[in-house]
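Structural overview
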Amino acid sequence: MGRQSSKFLDLYGYDLLLGSIAAFYVFSVPYTKVEESFNVQAMHDILYHRLHLERYDHFEFPGVVPRTFVGSMLVSILASPIISLMSLLHFPKIYSLYAVRLVLGGLIVLTLRFLHIQIRDKFGHQVEAFFVILTAIQFHVLFYCTRPLPNIFALGLVNLAYGNWLKGHYYAALNCLIIAAIIFRCDIILLLCPLGLELLLTKSISFGKALKYCIGTALLSIGLTVLIDSIMWRKLLWPEFQVFWFNSVLNRSSEWGTHPFYWYFASALPRSLLAAYPLFLLGIYLDRRVLLYVLPAFSFVLLYSKLPHKELRFIIGAVPMFNLSAAIAASRIYNNRKKIFWNLLFIVLLASFLASLGCTVLFLLAAYENYPSGYALKGLHKIGSVTNNSNEQWVHIDPFSAMNGISRFCEKDFPWRYSKEEDLPLEEFLRRNFTYLVNEHTNIDGYKCLFTVSGFSRVHSQIGFPPISLVKEPKVFVHGSMRNEYVMSIRWPGCS
């Protein structure tokens, strides 16, 4: 029995580690933000409304650009047996959100497994171990891997592409990136082009054969997304082409904020890589083989830097290759640790790992406080259900709250009813029959503030211990109608 357990850990220990950390993030921070809203609502509707498309959320709230249903449909199909069992046992819908996020995280961890196995075969067990350690002590890859963003669906295919690349299956690697670019994230073309060019220049592939394979894969991918999404959106549609047109041709993504050209290198990569940031540069110097693997990922970030609107999640697909280079550097330091100079580097390496772990804990604490409206609605359900009340309880959720933690998975059945009607002036609430408001405003005529939920505001550095603290401030206010005797009879925490 002990020998079997040891063999199991040898085979799947790294995956259990990464999967456990990802699952811990799911249970610690279950709620979702606006960036994830389309796929979260799509999974909810596929699981609960099924063929009743007229009840789907995206017809009422289509978003700035349409998104594909392919990823959310895949996750929903895989999660549906668990969701069905939960429904039979009358579990609250919030548990379904845990389920779909865990399924998605499991898929991404499986692609990471494929990648780290190829790293082991190419560079050895020790480099594989350091690759897994670096991924585990970083925050963003495992935190995001359970979040249904288009970038994360694309990340799974990017991991498969990297694995096939290391394995020598170059056409398969290109095909994975083509599928990712056509269905999930058009910007993956910025990774596909440098990789394809490198493979051509190193004569790893032939142009004619690559063209034959890639055109076939591209046509099949377009056919799949157009078929599924035209049905789901009820119009002829290739969603990612519209995203490409909006972001790249019209350059309208800059309406959501801009950063300078160097932002990815000065802010996003240091935060996402942590100790691996200096290590990946050292890895290029120590092992010249690595440059060929890092160069396409580096080019991807460099080309992406030309777009003014920048977010860390946009370049998350580059992180695994940088981690590979960092793992090679860490392995070389470990192997030479008995020499004086290398021993000093080994001590610095251990210190940087501990510092990375500390930063990850800080990031998690900030993330926990970054979904205030999810906690607000949970608190409202808990306190507002203390007595038996057969009357409908109408809750209005304003855009700020809908973007910061609330999804359809957070809703409950009768007597609770919900509205996300937008562009309502504050005075309009007096003429409406809402029982509760989950809102960003502190005072609304005709309503009493029942309680507030604070959220993350900024990081504050100070002399003493701890040297860094998180500053919170009230973000979401839950109001109750003063005309409703039932609401006024409940003892609320208050807003003072």
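This text goes with the structure placed above it.
Note that the structure is predicted; figures quoted are calculated from it, not measured.

In terms of helices and strands, the chain carries 20 helices and five strands. The C-alpha atoms of the chain give a radius of gyration of 25 Å, which matches the 23 Å a tight globule of 496 residues would have. With respect to the three principal axes, the spread of C-alpha positions in the chain is 75 × 60 × 55 Å. With 496 residues in all, the chain has 53% of them scored as buried. Taking the contacts inside the chain whose residues are at least 6 apart along the sequence as the reference set, 77% of them involve residues at least 24 apart. Carbon together with sulfur atoms contributes 63% to the accessible area of the chain, which is approximately 23700 Å² in total.

Turning to the nonpolar core, a few remarks are in order. Ranked by internal contacts, the top residues of the largest apolar core, which has 144 residues, are Phe69, Val301, Phe322, Leu324, Leu380, Val395 and Tyr436. The leading source of residues in this core is helix H5 (residues 94-123), at 13 residues. Not counting residues up to four positions away in its chain, the partners in contact with Val301 are Tyr264, Phe265, Leu269, Ile315, Ala318 and Phe322. Ranked by size, the runner-up nonpolar core spans six residues in total, among them Phe429, Phe434, Leu437 and Ile444.

In an α-helix, one full turn covers 3.6 residues, which means residues spaced three or four apart are oriented alike. For helix H4 (residues 70-88), spanning 19 residues, the distance from its first C-alpha to its last is 27 Å, which sits close to the expected 27 Å at 1.5 Å a residue. The sharpest bend along H4 comes to roughly 50 degrees, located at Ser80, with the proline Pro81 sitting one to four residues further on. Among the residues of H4, Val70, Gly71, Ser72, Val75, Ser76, Ala79, Ile83 and Met86 are the ones counted as buried. Close packing links the buried residues of H4 with helix H2 (37-48), H5, helix H8 (150-167), helix H9 (170-184) and helix H11 (207-233). Within two residues after H4, His90 carries a phi angle of roughly 60 degrees, on the positive side.

The next thing to look at is the sheet that holds strand S5 (residues 468-481). The five strands are arranged S2-S1-S3-S5-S4 in an open sheet whose pairing can be described as mixed. Taken across any chain shown, the strands that pair with only one partner, and hence form the sheet edges, are strand S2 (416-419) and strand S4 (447-461). Across the sheet, the axes of successive neighbouring strands diverge by a mean angle of 20 degrees, strand direction being ignored. Bridge count for strand S3 (residues 436-439) against S5 is four bridges, and the pairing is antiparallel. Bridge pairing in S5 links Asn439 to Phe477. Helix H18 (residues 372-384) contacts strand S1 (393-397), S2, S3, S4 and S5 of the sheet and is inclined by roughly 145 degrees relative to S4.

Our focus in this paragraph is the packing of helix H6 (residues 125-137) against helix H16 (residues 319-335). In contact at an axis separation of 8 Å, H6 and H16 are set at 120 degrees when each is read in the N-to-C sense. In terms of axis orientation, H6 runs oblique to H16. When the axes of H6 and H16 are compared, the crossing they make is right-handed. Across from Gln126, Val127, Phe130, Phe131, Leu134 and Thr135 in H6, the residues of H16 making contact are Pro320, Asn323, Leu324, Ala326, Ala327, Ile328, Ala330, Ser331, Tyr334 and Asn335. In terms of residue class, the contact of H6 with H16 is built from 11 nonpolar, five polar and no charged.

Rules of the game
Residues numbered from 1 in each chain as written. Predicted model: local features only at pLDDT ≥ 70, side-chain atom pairs only at ≥ 80, totals over all residues. Heavy atoms only, no water. Helix = DSSP H or I, 4+ residues; strand = E, 2+ residues; numbered from the N terminus. Rg over C-alpha atoms; globule rule 2.2 N^0.38 Å. Buried < 20%, exposed > 50% of the residue type's maximum accessible area, 1.4 Å probe, protein only. Contact = heavy atoms within 4.5 Å. Areas by Shrake-Rupley, 256 points an atom, 1.4 Å probe, with all protein chains shown as cover. Core = buried A, V, L, I, M, F, W, Y, C linked by side-chain atoms within 4.5 Å. Expected span 1.5 Å × (residues − 1). Bend = angle between axes of the 7 residues up to and from the residue. Pairing = 2+ DSSP bridges. Axes fitted to C-alpha atoms, helices over the stretch in contact; angles between N-to-C directions. Parallel < 35°, antiparallel > 145°, perpendicular 65-115°, else oblique. Left-handed = near helix turned anticlockwise from the far one by under 90°. Nonpolar A, V, L, I, M, F, W, Y, C, P; charged D, E, K, R; others polar.

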